[in-house]
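Residues per chain, in single letters:
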Amino acid sequence: MAVTVITALCCGLFFVAGIIMDNFFAFYSVPDETPPTITINNETVNIAVGGKYEDGGVEAYDDRTEVAITTEGTVDTNTIGEYVLKYIATDEHGNSSEATRTVKVIQPRGIIYLTFDDGPGEYTATLLDVLKKYNVKATFFVTGHGSDDLIVREYNEGHTVALHTFSHNYAAIYQSVDAFLSDLYSVQNRVKNLTGQTVTLMRFPGGSSNTISALYDGGTRIMSRLVDEVTARGFTYFDWNVSSGDAGGAVNSDEVFARTVTQLKDGGASIVLQHDIKDFSVAAVERIIQHCLANGYVFDKLDANSFAAHHGVNN
Ligand SMILES: [Zn+2]
């Protein structure tokens, strides 16, 4: 018994001594002259005058000690101008690194709503990384497919998660109003279970103007009835006014980029249609964002009060 106690005590002392020595060497024996690294996600941010600026996306790391980040500069979002924010990362030995971000408060040339249908899918995580890098919020019209975790991530990272039916099976959902609603509520339940939110923003597969539904509705003008029915039930549906062409026509990133940027609406809202289940479309997003920022646009996510870009129904 006594031996065990003494052994434990000795081990404890050595352990404590070990920690002291480690700290001693860490602080005094080898000089720390290496500054922390600082990374800044979005070096240029566009804010519409009168809008809101949320700081963030700055990270620092040091191999030896904790790092403190301080910020110099302010942004007046009510006054047009360029504001430079300086971030200083300092370690416990006084080494520091700096990074700057330029926040442009502008009268925007237009507002861009990036929207992604049919996911989540295998390219959604990459897309979320790009959106995070530029602090751009987007809108995802999700289905019953793909990983639950990605829907949770979309929601947690501040994007709008909206509904695009569970099955996305034209032959099934456009047979009848009841079939459509049942499928729509299934995806609403999925999102509710994952995010806690009862989502009422939606997009019809094919858009409200689709004519494929006429193949399955037995001549009952289902889109006219669905538009009325979902609206009466409190849903808000969105179409688009900028098509990236990634569902047909555009077959590579260059074409997705070119089609998108040539259709942007000056002085108004652009709702861009893309699919995050298409690798070449996702691969075009960073260039699209860079182009829009460089040309004075701002980004936003859809909400119930946003412009909806309704196409008008055909059947
Ligand atoms: Zn779709």
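My aim in this report is to walk through the structure given alongside it, one point at a time. (Residues numbered from 1 in each chain as written. Predicted model: local features only at pLDDT ≥ 70, side-chain atom pairs only at ≥ 80, totals over all residues. Heavy atoms only, no water.)

### Some points on helix H5 (residues 177–195)
We apply this condition: Helical segments are the DSSP runs of H or I of at least four residues, strand segments are the runs of E of at least two, and each set is numbered from the N terminus. For a helix, the expected span equals 1.5 Å multiplied by the residue count minus one. Type-normalised accessible area, obtained with a 1.4 Å probe on protein chains alone, sets the label of each residue: buried when under 20%, exposed when over 50%, and partly exposed for intermediate values.
With 19 residues, H5 extends 27 Å from end C-alpha to end C-alpha; this agrees with the ideal 27 Å at 1.5 Å per step. What H5 keeps buried is the set Val177, Phe180, Leu181, Asp183, Leu184, Val187, Gln188, Arg190, Val191 and Thr195. Phi turns positive, to about 80°, at Gly196, one or two residues after H5.

### Here's the deal with the nonpolar core
To be explicit about the condition: We call a set of buried residues a nonpolar core when its members are Ala, Val, Leu, Ile, Met, Phe, Trp, Tyr or Cys and they connect through side-chain atoms within 4.5 Å of each other. In what follows, residue pairs with any heavy atoms lying within 4.5 Å of each other are defined as contacts.
By size, the foremost hydrophobic cluster in this structure holds 63 residues, and its most contacted members are Leu114, Leu131, Phe180, Met202, Phe204, Val230 and Ile289. Top contributing element to this core by residue count: H5, with 6 residues. Not counting residues within four places of it along the chain, the set of residues in contact with Phe180 comprises Thr165, Ile173, Tyr174, Met202, Phe204, Pro205, Leu226 and Val230.

### Re the coordination of the zinc ion
What counts is decided by this rule: For Na, K and Ca the donor cutoff is 3.2 Å, while for all other metals N, O and S atoms must lie within 2.8 Å; water is not among the atoms, so some sites may look incomplete.
Taken together, Asp118 (OD), His164 (NE2) and His168 (NE2) make up the protein donors of the zinc ion, found 2.1 Å from the metal. Sequence positions of the residues that donate to the zinc ion give the spacing D-x45-H-x3-H. Note that Asp118 is positioned in the loop between strand S7 (110–117) and helix H2 (124–133) and His164 in the loop between strand S9 (160–163) and helix H4 (170–173), a separation of 46 residues in sequence. Side by side, Asp118 and His164 carry an identical accessibility label, which is buried.

### Comments concerning the packing of aromatic side chains
The test is simple: Ring pairs are drawn from Phe, Tyr and Trp, using the six-membered ring of Trp, whenever the two centres fall within 6.5 Å, and their geometry is named by plane angle: stacked under 30 degrees, edge-to-face over 60, tilted for the rest.
This model, assessed by the stated rule, comprises 7 aromatic pairs. A centroid spacing of 6.4 Å and a plane angle of 50° characterise the contact between Phe141 and Phe238, whose relative ring orientation is tilted. Separated by 97 residues along the polypeptide, Phe141 in strand S8 (residues 139–142) and Phe238 in the loop between strand S11 (236–237) and strand S12 (242–243) bring together distant segments of the chain. Taken individually, Phe141 and Phe238 each receive the classification buried, so the pair is uniform in this respect. Summarising the aromatic geometry, the rings of Tyr170 and Tyr174 are spaced 5.8 Å apart at their centres and angled 50° between planes, so their arrangement reads as tilted. Tyr174 gets classed as buried once you look at its relative accessible area, which sits at 0%.

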